[in-house]
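# Tertiary structure, described
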Amino acid sequence: MAKRVYEAWKGSNKFILGGRLIFGPDARSLLVTLLLIIVPIVIFCVFVARHLRHEFLNNNVGYAILVVAIVFTIFVLVLLFLTSARDPGIIPRNSHPPEEEFRYDSSVSVDVGGGRQTPSLQFPRTKEVLVNGLPVRVKYCDTCMLYRPPRCSHCSICNNCVERFDHHCPWVGQCIGLRNYRYFFMFVSSATLLCIYVFAMSALYIKILMVDDQGTVWRAMKESPASVILMAYCFISLWFVGGLTGFHLYLIGTNQTTYENFRYRADNRINAYDGGCLDNFREVFCTKVKPSKNNFRAFVQEEAQRPPPSPAPREGVSADDLGADPRPKVEDDLEIGEDLLKISQRRNIDEIDEDIRSRGSNGPPHNTSDADSVLGSDHRAPTIRADARHSSWGRRSGSWEIAPDVFANSNVTESRSYVTPKEARQ
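Residues numbered from 1 in each chain as written. Predicted model: local features only at pLDDT ≥ 70, side-chain atom pairs only at ≥ 80, totals over all residues. Heavy atoms only, no water.

## As for the packing of helix H1 (residues 29-52) against helix H5 (residues 225-254)
H5 packs onto H1 with a crossing angle of 145° between their chain directions and a minimal axis gap of 10 Å. Judged by the sense of rotation from one axis to the other, the crossing of H1 with H5 is left-handed. Between H1 and H5, the residues in contact are Leu 36, Pro 40, Ile 43, Phe 44, Phe 47 and Val 48 and Ala 226, Ser 227, Leu 230 and Tyr 233, respectively. Residue composition of the contact of H1 with H5, grouped by class: nine nonpolar, one polar and no charged. (Axes fitted to C-alpha atoms, helices over the stretch in contact; angles between N-to-C directions. Helix = DSSP H or I, 4+ residues; strand = E, 2+ residues; numbered from the N terminus. Left-handed = near helix turned anticlockwise from the far one by under 90°. Contact = heavy atoms within 4.5 Å. Nonpolar A, V, L, I, M, F, W, Y, C, P; charged D, E, K, R; others polar.)

Spelled out as structure tokens, the structure:
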């Protein structure tokens with residue numbers, strides 16, 4: 001049975017309801033956030049708002065205090081849900097690297113055995129794109145096998161590349177990115193207003209107790225310890241959610257992300273995304289949220305196996321050095337070896353040795369009638385240029401073989417030799 005995308009997802013996310021809701025790997029911390037919101041509101045409604053209902057001449061005002069607290073809390077919880085349970089802007093991974101970006105790098109080589117060093121294929125680690133007329137560098141992600149769009153970063157916790165990555169928030173158990181940043185800011189700012197509201201109503205209740213009992217503030221606080229606890233809790237919380245709200249107001253006004261602010265603040269870079277305070281706020285709050293690029297409930301499409309890319313070799317590099325299949329080349333070696341054996345039966349070995357030496361020298365080539373005709377047959381490979389060296393011959397199993405350094409110094413086709421390194425040094 002075919003799997004759905006969320007079942008084969010390579011990131012660290014957690015899915016519920018058949019892939020309809022997506023959370024981060026630390027989604028359990030969301031329960032702590034829920035308790036930090038719901039428990040104080042329950043205490044406020046039971047021990048403060050309930051007693052304030054009858055403290056006003058118009059009883060509807062007293063009931064309004066309780067209703068506002070409940071509705072406001074529900075609004076904050078909905079924003080928390082929209083922040084943590086949706087795709088923050090995950091970019092789908094590629095199943096293979098972008099072949100158009102392959103480049104040949106001879107400075108990095110891989111040992112393929114026998115002392116041979118094969119130059120490897122490399123990707124440009126960065127590219128430059130223009131954003132509002134300014135160059136912006138984008139990086140290649142080895143995990144997702146793609147070049148990240150501008151303002152995109154790979155979250156090490158969720159193991160995904162996220163568009164307009166701001167940060168990973170453990171309190172909501174999700175990355176904050178392009179598709180949920182608006183809801184995250186509204187959640188934080190609404191939580192700040194809720195703290196202010198609860199603190200103000202608790203202080204009002206303390207004041208009413210002082211007037212009714214004609215006592216001191218300490219006596220009123222002893223009469224309603226819940227109000228004191230709520231005021232202390234809201235005061236501490238305001239330092240966190242209030243400070244976070246002010247910080248993100250600054251980020252929105254300058255069109256920055258938290259990641260950019262902490263990473264590039266000391267670099268004094270020109271912000272290519274800043275379009276003015278008003279346009280920056282409009283971009284965050286007045287633009288349509290882009291649809292998700294992932295359909296987590298879709299069935300996984302089986303992709304056909306693709307052959308590894310084989311870029312064209314540069315001058316002076318053989319096809320075998322690029323990792324080509326060596327089997328056809330071995331067959332060429334065997335056929336060339338047989339042809340050389342036939343030549344050796346017709347010509348003196350000293351003449352052939354002298355011929356090879358003359359072709360490997362810096363002077364004009366000598367007559368190479370038979371050997372050139374045989375080696376210039378249909379079995380050809382790219383020509384390799386090298387410095388002049390002496391040839392080396394060896395006899396094994398009744399056949400003549402030629403050392404690799406001889407072919408490296410000649411203009412004939414390159415062929416893999418079976419002579420051992422020890423024999424080549426003789």
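## Observations regarding H1
Look at H1: 34 Å from first C-alpha to last across 24 residues, which is about the 34 Å you get at 1.5 Å a residue. In H1, a bend of some 40° at Cys 45 exceeds every other bend along the element. Inspection of H1 places Ser 29, Leu 30, Thr 33, Ile 37, Pro 40, Ile 41, Phe 44, Cys 45, Val 48, Ala 49 and Leu 52 among the buried residues, and these make up the whole buried set. (Expected span 1.5 Å × (residues − 1). Bend = angle between axes of the 7 residues up to and from the residue. Buried < 20%, exposed > 50% of the residue type's maximum accessible area, 1.4 Å probe, protein only.)

## A word on unusual backbone geometry
Glycine aside, residues mostly have negative phi angles, and peptide bonds mostly take the trans form. Look at Arg 164: it is not a glycine, yet its phi comes out positive at around 45°. Relative to the helices and strands, Arg 164 is located in the loop between strand E9 (160-162) and strand E10 (167-169). Overall, the relative accessible area of 11% leaves Arg 164 in the buried class. Positive phi is not limited to glycine here, since Asn 255 has a value of about 55°. Residue position: Asn 255 is located in the loop between H5 and helix H6 (258-264). With relative accessibility at 3%, the residue Asn 255 sits in the buried group.

## Things to note about the environment of Asn 132
Turning to its location among the elements, Asn 132 is positioned in the loop between strand E5 (126-131) and strand E6 (134-141). Beyond its immediate stretch of four places on either side in the chain, Asn 132 contacts Ala 272 and Tyr 273. From its side chain, Asn 132 meets the backbone oxygen of Ala 272 in a polar contact 2.6 Å long. (Polar contact = N/O pair within 3.5 Å; in protein donor to acceptor, adjacent residues only side chain to side chain.)

## Some thoughts on the sheet that holds strand E7 (residues 146-147)
As summarised here, the arrangement of the three strands in space is E5-E6-E7, forming an open sheet in which the pairing is antiparallel. Looking at strand neighbours, the two that pair on one side only are E5 and E7, the edges of this open sheet. Inspection of the sheet shows E5 paired to E6 by six bridges, in the antiparallel sense. For Thr 126, the partnering residue across the bridge sits in E6 and is Lys 139. (Pairing = 2+ DSSP bridges.)

## Let's talk about the packing of H5 against helix H7 (residues 277-285)
Relative to each other, H5 and H7 sit at 110°, their axes nearing to 7 Å. The orientation of H5 relative to H7 falls into the category roughly perpendicular. Of the residues in H7, those in contact with Leu 249, Ile 252, Gly 253 and Thr 254 of H5 are Cys 277, Asn 280, Phe 281, Val 284 and Phe 285. (Parallel < 35°, antiparallel > 145°, perpendicular 65-115°, else oblique.)

## Some thoughts on the pattern of salt bridges
Tallied over the entire structure, the rule returns four salt bridges. Of the charged contacts, one joins Glu 260 and Arg 151 as a salt bridge, the two residues approaching to 2.9 Å between their closest N and O atoms. One end of the pair, Glu 260, is in helix H6; the other, Arg 151, is in the loop between E7 and strand E8 (153-155), with 109 residues separating them in the sequence. (Salt bridge = Lys/Arg side-chain N within 4 Å of Asp/Glu carboxyl O.)

## Focus: the confidence of the model for the protein chain
Residues with a pLDDT of 70 or more make up 64% of the protein chain, whose mean pLDDT is 75. Note on residues 343-349: pLDDT is under 50 here. Beyond four places in sequence and across chains, it has 13 contacts. (pLDDT = per-residue confidence, 0-100.)

## Points about a negative patch on the surface
The grouping of Glu 55, Asp 212, Asp 213 and Glu 223 at the surface amounts to a negative patch. With respect to the helices and strands, Asp 212 occurs in helix H3 (residues 181-213). Asp 212 gets classed as partly exposed once you look at its relative accessible area, which sits at 47%. (Patch = residues over 30% accessible without salt bridge, like charges linked within 9 Å, V, L, I, M, F, W, Y side chains within 5 Å. Areas by Shrake-Rupley, 256 points an atom, 1.4 Å probe, with all protein chains shown as cover. Lys, Arg positive; Asp, Glu negative; His and termini not counted. Charge placed at Lys NZ, Arg CZ, Asp CG, Glu CD.)

## As for the packing of aromatic side chains
Under the counting rule described, the total for this entry stands at eleven aromatic pairs. Centre to centre, the rings of Trp 9 and Phe 15 are 6.4 Å apart; their planes meet at 80°, and the pair counts as edge-to-face. Take Trp 9: its relative accessible area is 18%, and that puts it in the buried class. Across from the ring centre of Phe 299, 4.3 Å away, lies the NZ or CZ of Arg 4, which sits over that ring. Over the ring of Tyr 181 we find Arg 164; its NZ or CZ atom is 5.1 Å from the centre of that ring. (Phe/Tyr/Trp six-rings, centres within 6.5 Å; stacked < 30°, edge-to-face > 60°. Lys NZ or Arg CZ within 6 Å of the ring centre and 35° of its normal.)

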